[in-house]
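Chain by chain, the residues:
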Amino acid sequence: MASGATSSQPGKSTENALQPQKEELFNHFYTEVKEIEKRDSVLTPKQQIERLLRPGSTYFNLNPFEVLQVEPETSLDEIKKKYRRMSILVHPDKNQDDVDRAQQAFEIINSAWKILENEDTRAKCLDVIEEARVRTDQMLSEKRKRLKKEGKDGRIEEDDPEKYKHAVYVRTMKLFADMERKRRELANRDMEERKRKREQEIEEEEKANTEKEWQKNFEESRQNRVESWKAFQTGKKAKKAKGMGFKPPKPKAESR
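The name an unreviewed UniProt entry gives the protein is DnaJ-like protein subfamily C member 8, with Frankliniella fusca as the organism.

This is the structure we're talking about:
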């Protein structure tokens, strides 16, 4: 028993020794996050416009939380405050030297706010982020199992909170991109269906107009044929009557 107790002690000692390191790592990560938040909170109008229109912005701006630089768990009141500050910051009237790009950035911010102020669309965004976390955790769990199966240390780089957050962020962006792709596919499908129905309606309208025109022409031609026949019959009778009324003179007998 003594030997068993002695053998388990080093494991506890190692765990206790690692605990301060983990706390230090987390504190370092927390400090970095706060520094980033502080830096972003004081971005100039030009920097915010550049951020919202940077290469790949169409992809990044699918996430309204990313656009407004707020965490998903942020209250709606705080999100609204952030939205107002940012909208003022990039407003075209405040950026007369770059009006067109400022207008684009302003519209991106407005779009993000409209998504988050609506209860249904905000809930969908939160579902996407939660799904990203679940999928990331599943992926990391499988990664650890694979390493252990290979006889390797089960520790992975995503054990670092910052790298874990980045993994969730990447997965979140992919899910938002997938959602947008599906939305566009449905929109295109709906547009094609409406286009097909409209073409069918036009075809039916043209067919109906053709039949109507044909019927009209037929009626007019029938009337003309009837009138022509009547005129022909009338002329024939008149000619016959005229022929019956003519009596040629009788020849006189010759006198010698």
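Chemist: Before we move on, can you summarise the overall build of the protein with the specific residues and values?
Modeler: Helix and strand counts for the protein stand at eight helices and zero strands. Overall, the protein shows an N-to-C arrangement of helices and strands of α-α-α-α-α-α-α-α. The burial tally for the protein puts 20% of its 256 residues in the buried class. In the protein, 62% of the contacts between residues at least 6 apart in sequence involve partners at least 24 apart. Put simply, the protein shows about 20,100 Å² of open surface, and 53% of that area lies on carbon and sulfur atoms.

Chemist: Any details on the confidence of the model for the protein? Residues and values, ideally.
Modeler: Interpretation of the predicted coordinates at a detailed level should be avoided for regions scoring low in pLDDT. Here the protein averages 79 in pLDDT, and 75% of its residues register 70 or above. Within the protein, the lowest mean pLDDT, 51, falls on helix 1 (residues 2–41), and the highest, 96, falls on helix 6 (residues 99–117). Scored below 50 in pLDDT, residues 1–8 makes zero contacts in the model with residues more than four places away or belonging to other chains.

Chemist: How would you summarise the nonpolar core if you had to cite specific residues and measurements?
Modeler: In this structure, Phe65, Leu68, Ile79 and Ile109 are the most contacted members of the largest nonpolar core, which totals 25 residues. Where this core is concerned, the elements lending two or more residues are helix 2 (45–52), helix 4 (64–68), helix 5 (76–90), helix 6, helix 7 (119–149) and helix 8 (161–245). Once you skip the residues sitting within four places of it in the chain, Ile109 turns out to touch Leu52, Val67, Leu68, Tyr83, Met86, Ser87 and Val90.

Chemist: Requested: an account of the packing of aromatic side chains, with residues and values cited.
Modeler: In the structure shown here, the tally under the stated rule is two aromatic pairs. Aromatic side chains Tyr59 and Phe60 sit 5.7 Å apart centroid to centroid with 70 degrees between the ring planes, which places their arrangement in the edge-to-face category. On the basis of relative accessibility, which here comes to 33%, the residue Tyr59 falls in the partly exposed class. On the accessibility criterion, Phe60 (21% relative accessible area) is partly exposed. Taking the centre distance of 5.2 Å and the plane angle of 10 degrees together, the rings of Tyr83 and Trp113 count as stacked.

Chemist: Please provide a residue-by-residue account of helix 5, values included.
Modeler: The terminal C-alpha atoms of helix 5 lie 21 Å apart, and with 15 residues this matches the ideal 21 Å at 1.5 Å per residue to within 8%. If you check which residues of helix 5 are buried, you get Ile79, Lys82, Tyr83, Met86, Ser87 and Val90. Projection of helix 5 onto a plane perpendicular to its axis shows the buried side chains occupying an angular sector of 130 degrees, all on one side. Counted as exposed and oriented over 90 degrees from the buried face of helix 5: Asp77, Arg85 and Ile88. On its buried face, helix 5 sits against helix 2, helix 4 and helix 6.

Chemist: So what's going on with the packing of helix 6 against helix 7? Which residues, and what values?
Modeler: Between helix 6 and helix 7, whose axes approach to 5 Å, the crossing angle comes to 95 degrees. One element, helix 6, and the other, helix 7, form an angle in the roughly perpendicular class. Every residue of helix 7 that contacts helix 6 at Lys114, Ile115, Leu116 and Glu117 is listed here: Glu119, Thr121, Arg122 and Cys125. Its residues assigned to classes, the contact of helix 6 with helix 7 comprises three nonpolar, one polar and four charged.

Chemist: Hey, could you go over the pattern of salt bridges for me, with residue numbers and the actual values?
Modeler: Counting across every chain of the model gives 17 salt bridges. The salt bridge involving Lys165 is made with Glu71; its shortest N-O contact spans 3.8 Å. Linking Lys165 in helix 8 with Glu71 in the loop between helix 4 and helix 5, this pair joins segments that are 94 residues apart in sequence. Classification of Glu71 by relative accessible area gives partly exposed; the value is 33%. For Glu185, the salt bridge is made with Arg181, and the minimal N-O distance between the two is 3.2 Å. One end of the pair is Glu185 and the other is Arg181, both in helix 8 and four residues apart, which spans about a single turn. Each of Glu50, Asp98 and Arg101 takes part in salt bridges that share partners, so that together they form one network.

Chemist: So what's going on with the environment of Lys46? Residues and values would help.
Modeler: As for its placement among the helices and strands, Lys46 is situated in helix 2. For the pair Lys46 and Val90, spaced 44 residues apart in sequence, the C-alpha separation works out to 7.7 Å.

Chemist: Before we move on, could you go through the layout of surface pockets and cite the residues and values that matter?
Modeler: Approximately 440 Å³ is the volume found for the second largest pocket. Along its surface, the second largest pocket is lined by 18 residues, and Asn61, Leu62, Ser111, Ile115 and Glu180 are the ones closest to its centre. Elements represented by at least two residues in the lining of the second largest pocket include exactly helix 3 (57–60), helix 4, helix 6, helix 7 and helix 8. Per element, the largest residue contribution to the lining of the second largest pocket is five residues, and it comes from helix 8.

Reading the values: the criteria
Residues numbered from 1 in each chain as written. Predicted model: local features only at pLDDT ≥ 70, side-chain atom pairs only at ≥ 80, totals over all residues. Heavy atoms only, no water. Helix = DSSP H or I, 4+ residues; strand = E, 2+ residues; numbered from the N terminus. Buried < 20%, exposed > 50% of the residue type's maximum accessible area, 1.4 Å probe, protein only. Contact = heavy atoms within 4.5 Å. Areas by Shrake-Rupley, 256 points an atom, 1.4 Å probe, with all protein chains shown as cover. pLDDT = per-residue confidence, 0-100. Core = buried A, V, L, I, M, F, W, Y, C linked by side-chain atoms within 4.5 Å. Phe/Tyr/Trp six-rings, centres within 6.5 Å; stacked < 30°, edge-to-face > 60°. Expected span 1.5 Å × (residues − 1). Arc of directions from axis to C-beta. Axes fitted to C-alpha atoms, helices over the stretch in contact; angles between N-to-C directions. Parallel < 35°, antiparallel > 145°, perpendicular 65-115°, else oblique. Nonpolar A, V, L, I, M, F, W, Y, C, P; charged D, E, K, R; others polar. Salt bridge = Lys/Arg side-chain N within 4 Å of Asp/Glu carboxyl O. 1 Å grid on protein atoms, 1.4 Å probe; cavity = no way out; pocket = protein on both sides within 12 Å on 5 of 7 lines; lining within 4 Å. Points joined across faces, edges and corners; volume = space filled by probe spheres on them.

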